[in-house]
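# Topology and contacts: notes
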Amino acid sequence: MNLNDSPDEVRPAASEAGLTIAGRTYASRLLVGTGKYRDFDETRAAVDASGTEIVTVTIRRVNIGQHAHEPSLLDAVPPDRFTILPNTGGCFNAKDAVYTLQLARELLDGHPLCKLEVLGDEKTLFPNMPETLKAAEALVKDGFEVMVYCSDDPIQARILEDIGCVAVMPLASLIGSGMGILNPWNLSLIIEQARVPVIVDAGVGTASDAAIAMELGCDGVLMNTAIAHAREPVRMARAMCLAVQAGREAFLAGRMPRRFAASPSSPMAGRIA
Amino acid sequence: MVSVTIEVNGAAHVLRAGRTLHDLIASLDLLGKRVAVAINREVIPSPRWPGRILKPDDRVEVVVAIGGG
């Protein structure tokens, strides 16, 4: 495998038709989270600027006795306008994750698409893969379409695909860290073998990170903090939209080989004097 | 008046005996809101709320979608 010199070899069948997940095709390859915004107006403005069609949300207990008449997230980001991807953020075992998504499915009128994440510990938020596999199996059996946050381990990714997950979503670096694409080689190994979309989930810090993920041949990028914690979230959402498109175009175009030596862009023949 | 004590989202909640899940959701001002409900970790679809009488020690969970990544 050659990471940058021959991207066409990585994914020869790459198409420009859009991102297809569980039989539905989305024009945008950017998926965004809805956490950490100042308010729902900012959330919606960022979502709109990002051009995303898939928006992830978290399921939590209602605050009893409070906020019954306050606006809700799904008023700002309505399910008839966006594909809502409920996630299991904050779940540390398979049982809680499965239960959370059963509630989410009820909340979203039976909608089966979900984002499974089972976390290992609070310090790293690294996925707990044994619990993730257990939950994925139970959810697929129960009819869910599971997009799964996972380690950037090609073997785990393959197992998740074999279980029937509709997308594998390896981390590029720790959730919320903004550290960028730390192991492009592992991501490439996953991309090379995958028969379902590979979406980088977690770690993107700025537009170039998103572009790099897409240039590697990822099918999409999911991010939250990189937009929400930018100085100007709405502007960063727009930047991410462009970066994902640019990275995808560059991947399809196929980058030039890296060379150690210089190579003049102007012909040497016919020089004056 | 006979009352029963249940748990709603982790906190004790006292109501009159014979009250249904529908009554509870109405009393919380959540009817018509986009919420999902489970009792004892079993999801109860809203058409079944009126028929589900709350029993002592039922653990009710009422959830919504909030911002997250």
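Residues numbered from 1 in each chain as written. Chains lettered and ligands numbered in written order. Predicted model: local features only at pLDDT ≥ 70, side-chain atom pairs only at ≥ 80, totals over all residues. Heavy atoms only, no water.

- The name given to chain B in an unreviewed UniProt entry is Sulfur carrier protein ThiS, with the source organism recorded as Aromatoleum toluolicum.

- Under the annotation held in an unreviewed UniProt entry, chain A carries the name Thiazole synthase and is attributed to Aromatoleum toluolicum.
- Per UniProt, chain A carries the Function (unreviewed entry) text "Catalyzes the rearrangement of 1-deoxy-D-xylulose 5-phosphate (DXP) to produce the thiazole phosphate moiety of thiamine. Sulfur is provided by the thiocarboxylate moiety of the carrier protein ThiS. In vitro, sulfur can be provided by H(2)S."
- UniProt, in its Sequence similarities (unreviewed entry) section for chain A, records the words "Belongs to the ThiG family." (UniProt positions renumbered as here; feature names shortened; annotations may be inferred.)

## Re the overall build of chain A
- The secondary structure content of chain A amounts to 10 helices and 10 strands.
- Taken over C-alpha atoms, the radius of gyration comes to 20 Å for chain A, in line with the 19 Å a tight globule of 273 residues would show.
- Seen along its three principal axes, the alpha-carbon backbone of chain A occupies a region of about 85 × 40 × 35 Å.
- Taken over 273 residues, chain A has a buried fraction of 52%.
- Sequence-distant contacts in chain A: of pairs separated by 6 or more residues, those separated by 24 or more amount to 68%.
- Total accessible area computed for chain A in this model is approximately 12,700 Å², and 52% of it derives from carbon and sulfur atoms.
- Treating the 25 positive side-chain charges of chain A as one cloud and the 33 negative ones as another, the clouds have centres 4 Å apart. (Helix = DSSP H or I, 4+ residues; strand = E, 2+ residues; numbered from the N terminus. Rg over C-alpha atoms; globule rule 2.2 N^0.38 Å. Buried < 20%, exposed > 50% of the residue type's maximum accessible area, 1.4 Å probe, protein only. Contact = heavy atoms within 4.5 Å. Areas by Shrake-Rupley, 256 points an atom, 1.4 Å probe, with all protein chains shown as cover. Lys, Arg positive; Asp, Glu negative; His and termini not counted. Charge placed at Lys NZ, Arg CZ, Asp CG, Glu CD.)

## Section: the nonpolar core
- Ranked by internal contacts, the top residues of the largest apolar core, which has 74 residues, are Leu116, Leu160, Val168, Met223 and Met240 of chain A.
- Ranked by the residues each element gives to this core, the list is headed by helix 4 (residues 94-107) of chain A, at eight residues.
- Leaving out residues up to four positions away in the same chain, Leu160 of chain A has contacts with Met129, Thr132, Leu133, Ala136, Val148, Cys150, Cys165 and Val168 of chain A.
- Counting 18 residues, the second-largest nonpolar core is a separate cluster that includes Leu21, Leu24, Ile39 and Trp49 of chain B. (Core = buried A, V, L, I, M, F, W, Y, C linked by side-chain atoms within 4.5 Å.)

## Some thoughts on the layout of surface pockets
All names here are of chain A.
- Taken as a whole, the second largest pocket spans an internal volume of roughly 380 Å³.
- Taken together, 24 residues line the second largest pocket, and the ones lying closest to its centre are Lys36, Ile175, Gly176, Asn224 and Thr225.
- Of all the secondary structure elements, the ones that give two or more residues to the lining of the second largest pocket are strand 10 (220-223) and helix 9 (225-228).
- Taken together, the residues of the lining of the second largest pocket break down into eight nonpolar, 12 polar and four charged. (1 Å grid on protein atoms, 1.4 Å probe; cavity = no way out; pocket = protein on both sides within 12 Å on 5 of 7 lines; lining within 4 Å. Points joined across faces, edges and corners; volume = space filled by probe spheres on them. Nonpolar A, V, L, I, M, F, W, Y, C, P; charged D, E, K, R; others polar.)

## With respect to the side chain of Thr83 of chain A
- Structurally, the position occupied by Thr83 of chain A is in strand 5 (residues 83-87).
- Aside from chain neighbours lying at most four places away, what touches Thr83 of chain A is Tyr26, Glu53, Ile54, Val55, His111 and Leu113 of chain A.

## Considerations on the environment of Pro233 of chain A
Residue and element names in this part refer to chain A.
- Assignment of secondary structure puts Pro233 in helix 10 (residues 233-253).
- Residue classification places Pro233 among the buried positions, given a relative accessible area of 6%.
- Along the primary structure Pro233 and Thr43 are separated by 190 residues, whereas in three dimensions their C-alpha atoms are 8.8 Å apart.
- In this view, Pro233 contacts Tyr37, Glu42, Ile227 and Ala228; residues no more than four positions away in its chain are not counted.

## Digging into the interface of chain B and chain A
- The interface of chain B with chain A comprises 27 residues on the first partner and 29 residues on the second.
- Buried surface at the junction of chain B and chain A, both sides included, amounts to about 2,500 Å², of which 59% is carbon and sulfur.
- Looking at the side of chain B facing chain A, the largest losses of area belong to Arg34, Arg41 and Gly69 of chain B, adding up to 27% of the total buried there.
- For the pair chain B and chain A, the number of links is three salt bridges.
- Joining chain B to chain A, the criterion identifies 15 residue pairs in polar contact (both at pLDDT 80 or more). (Buried area = accessible area lost by both parts, 1.4 Å probe. Salt bridge = Lys/Arg side-chain N within 4 Å of Asp/Glu carboxyl O. Polar contact = N/O pair within 3.5 Å; in protein donor to acceptor, adjacent residues only side chain to side chain.)

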